[in-house]
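Here are the chains, one letter per residue:
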Amino acid sequence: QVQLVESGGGLVQAGGSLRLSCAASGRTFSNYRMAWFRQAPGKERGFVAGISRSGGWQYYADSVKGRSTISRDNAKNTVYLQIDSLKPEDTAVYYCAADRKDFGSYEYWGQGTQVTVSS
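This text gives an overview of the structure that appears in the document.

1. Some remarks on the environment of Gly110
Summarising the element assignment, Gly110 is placed in the loop between β10 (108-109) and β11 (113-118). On a C-alpha basis, the gap between Gly110 and Arg33 in space is 14 Å, while along the polypeptide they are 77 residues apart.

Shown next, in the form of structure tokens:
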């Protein structure tokens, strides 16, 4: 089992940037593919970005493609999400997720960190 703790959320003006962090503990971090999801008020949780175990492969939702970067530091057991040019519609609770499978759903989830973008 792996435990995930997100940080870095907050209130930011539209057009600004934010870097979220997710610290993992409990198991070998490099064995897990990682991802970020988000849930806006009244909406279902949706995928934002994912990264392979080595960090060599990243993939993004269309809504953030081109203005976000997911990365990981396996030595620090941490995955990051940088989002630039923030928009009010980026307002959501952002969740970190981990899984050992090669594809499919994610088994482990953090508690989330709130991101609020003001216009």
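2. Description of the pairing of strand β1 (residues 3-7)
Two faces, one strand: in a regular strand the side chains alternate between the faces of the sheet. Burial of β1 is one-sided: the residues Leu4 and Glu6 facing one way are buried, the residues Gln3, Val5 and Ser7 facing the other way are not. As defined by bridge partners, β1 adjoins strand β3 (residues 18-25) across five bridges and the pair is classed as antiparallel. Within β3, the residue paired with Glu6 across the bridge is Cys22.

3. Quick look at the pattern of salt bridges
Applying the stated criterion to the full structure yields six salt bridges. The partner of Asp99 in a salt bridge is Arg33, and the shortest N-O contact between them spans 3.9 Å. Pair noted here: Asp99 is in strand β9 (residues 92-99) and Arg33 is in strand β4 (residues 33-39), with a separation of 66 residues, a long-range link. As far as the burial class goes, Asp99 and Arg33 line up, both buried. Put simply, Asp62 and Lys65 hold a salt bridge, and the shortest N to O gap is 3.2 Å. One continuous salt-bridge network, built from bridges that share partners, spans Arg33, Asp99 and Lys101.

Conventions and cut-offs
- Residues numbered from 1 in each chain as written.
- Predicted model: local features only at pLDDT ≥ 70, side-chain atom pairs only at ≥ 80, totals over all residues.
- Heavy atoms only, no water.
- Helix = DSSP H or I, 4+ residues; strand = E, 2+ residues; numbered from the N terminus.
- Buried < 20%, exposed > 50% of the residue type's maximum accessible area, 1.4 Å probe, protein only.
- Pairing = 2+ DSSP bridges.
- Salt bridge = Lys/Arg side-chain N within 4 Å of Asp/Glu carboxyl O.

Any functional reading would require information that these geometric values do not contain.
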